Amino acid sequence: MNIVINEVESVIATERLLERKDSTCTDYPRPQLRREEWFDLNGTWGFGFDEKNRGESEGWYRGGVLQGEIEVPYVYQSAHSKVEEDNHHSIVWYERTFEWQISEKDVYLHFEAVDYLTKVWVNGQFAGSHEGGHTPFSIAVHPFITNGENKITVRVEDENDVEQPLGKQSWKANNFLCWYTRTTGIWQSVWMEEVWPVHLEEVKMTPNIEQSSLEVEARVNSHDHPVYVEAEVFFQGEWITTGGTWLKPNQRNMDLTLNVESDEADFRVFYWSPDQPNLYDICFTVKDRETVHDEVDSYFGIRSIESEEGRILLNRETFYQKLILDQGYYGESLMTATFDEMKSDLEKVKEMGFNGVRRHQTIADRRYMYLCDTLGLVMWAEMPSSFAFSNRSMKRMMDESREMIEKHYNHPSVIVYTLMNESWGVNEIYHRKDQQAFVNALYYQTKAIDPTRLVVGNDGWEHTLTDILTIHDYNADASSMKASYEDQETFVNGSPSKTSRKQNYAKGYRYSGEPVMVSEYGGIAFGSHGDSDWGYGKRPESEEEVLSRLGKLTHVIQETSFIQGFCYTQLTDVEQEVNGLLDHNHEYKFDPEKIKAIMAEQSDGFIFE
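Quick look at the structure, then. Quick caveat: nothing in here was measured; it's all calculated off a predicted structure. (Residues numbered from 1 in each chain as written. Predicted model: local features only at pLDDT ≥ 70, side-chain atom pairs only at ≥ 80, totals over all residues. Heavy atoms only, no water.)

Examining the sheet that holds strand β13 (residues 190-195)
Piece 1. Taken together, four strands build an open sheet; the order of strands is β2-β13-β6-β10 and the sheet is antiparallel. A strand with exactly one partner marks an edge of an open sheet, and here the two such strands are β2 (38-40) and β10 (137-140). When the angles between neighbouring strand axes are averaged without regard to direction, this sheet yields 25 degrees.
Piece 2. As defined by bridge partners, strand β6 (residues 106-111) adjoins β13 across six bridges and the pair is classed as antiparallel. Residue pairing in the sheet places V107 in a bridge with E194 of β13. (Pairing = 2+ DSSP bridges. Helix = DSSP H or I, 4+ residues; strand = E, 2+ residues; numbered from the N terminus. Axes fitted to C-alpha atoms, helices over the stretch in contact; angles between N-to-C directions.)

If you want it as structure tokens, here you go:
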């Protein structure tokens, strides 16, 4: 139900919102569920390798064993960790102390990402575990905490096994082609949070542009008396609406519909798009008639994404995507970035004229999605691949992809999920029914959890079930590339890419009107980074030659009317790979204004003469 509040209450609610927003810092790891009381655990931890896998049997979790140190959240392979060890160690241990004063509140320990299998002890007592290298998890630790000094011990096992979702981590002794340095252990933020025993556990927010509303599904932890869950919606500091519902004792799930039309703007709804990344603030309160138990701040965007008659529609309007592929790697910190580093990258993406990113083969920090939401960039979220097909790898992919979807669900910038890439891990999908069925199972699982977004089952070629026909084409010759796409009827069910020569669809599958995108192209190598530089096609000799090739290839795609967009490879140079528009330090290699002119639908023509 909706509740009408008077003008005084509206002003008070707005002031309270602004105070809470001002208190939120850019280091907060979970921008969409913000509470005021949290404790950052990043920094110096005790650290050690467990070469003989004897740590558990010898009770290392009781403390006092680890002799080394590491800077969390940087993995030991990175320079920022201050360990910088190249050799692979499959088992690592962490330890740190913290001071705590016990209260009536519950305490949760949050890990944003740890690669791969994690076990956690608090004061020598086992607290919990998690499998999966790219998704966040939380552990209730208040049963184990004492007044004064406390100790957290973490054991991480990472075999770098091809049956694990590895993404771009090399499973060989050295980097090769487009696979990079391994990541072992904690690589995103670790933090703690205090909450009252009755609190909001999770929120799922679904915009509905047809009804000008937001559907809210919330879950409250166990409670033995009636509680009221309230949601207040604001836009740019102005109160929009308040709604809420009572939950009976031990009733944990709440469904609520909020009308987001603003009577201050002639009942207008402010849609989210890259051109106008409008975001609504929403504040959740869990209370009873006497006590406020929990206050959580969040935000949402009102937007829709769908396909229709070969087009992709954002907010019911044709949307041409100009994406760039972002590997998410940084020279001295590998897959770990600061807020400012992420922001700088994404601002450069916009400055170069792109309207979105394809986050490739790694799952980004939640603050990265927040930046896409606020800056106005659409995002393709992608599940890191495993590289062997087995029952074990299928289970791991199913489990972690489910967690990936849950992590991205509330972010309006996320419009596409990519579940597999270039048949990695399903190398015989063209003719094997079991591998086709597995990709389809991933597709249907995704649609069951999130039916509001588009899904690509196997990006690049050999598609089974997919909402978009995506093609990877690293042809360096614009004339040859243009010829590949002249006859739509021929190429959609064929093999237009001269580089992969793979069929667009797996055996038994055919084109059925999906929108078409070239989701990887270009990859023009330029610059130097040692003896093993790698990139696609013949190496250009000058910046002008790079821009000319980029312009001609992009123009081929732009002038092909039935292609609905593209994704250029790639944003930055990464280790041995030198095909970025930014260098290894994430600085421009080329004039961004010239790239922006190329990306514009109507180029000024300077590179096409």
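Side note on the pairing of strand β29 (residues 469-473)
Piece 1. Burial analysis of β29 places five of its five residues in the buried class, the great majority of the element.
Piece 2. The alternating pattern of β29 places L469, I471 and D473 on one face and T470 and H472 on the opposite face, and all of these are buried.
Piece 3. Bridge analysis of β29 against strand β30 (residues 516-522) gives five bridges, and the strand direction is parallel. Opposite D473, over in β30, you have Y521 as the bridge partner. (Buried < 20%, exposed > 50% of the residue type's maximum accessible area, 1.4 Å probe, protein only.)

What to know about the packing of aromatic side chains
Piece 1. Counted according to the given criterion, the structure contains 35 aromatic pairs.
Piece 2. Note on F98 and W100: the rings are 6.0 Å apart at their centroids and 80 degrees apart in plane angle, and the pair reads as edge-to-face.
Piece 3. Residue F98 is classed as buried on the basis of its relative accessible area, which comes to 3%.
Piece 4. Taking the centre distance of 5.1 Å and the plane angle of 50 degrees together, the rings of W179 and W424 count as tilted. Of this pair, W179 sits in the loop between β11 (148-157) and β12 (185-186) while W424 sits in the loop between β27 (414-421) and α5 (433-449), and the two are 245 residues apart along the sequence. The residues W179 and W424 share a single accessibility class, namely buried.
Piece 5. Linked through ring pairs, W45, F47, F49, Y76 and Y94 together constitute an aromatic cluster.
Piece 6. The ring of Y409 is capped by R453, whose NZ or CZ atom sits 5.6 Å from the centre of that ring. (Phe/Tyr/Trp six-rings, centres within 6.5 Å; stacked < 30°, edge-to-face > 60°. Lys NZ or Arg CZ within 6 Å of the ring centre and 35° of its normal.)

None of the figures reported here should be taken as evidence of function without further support.
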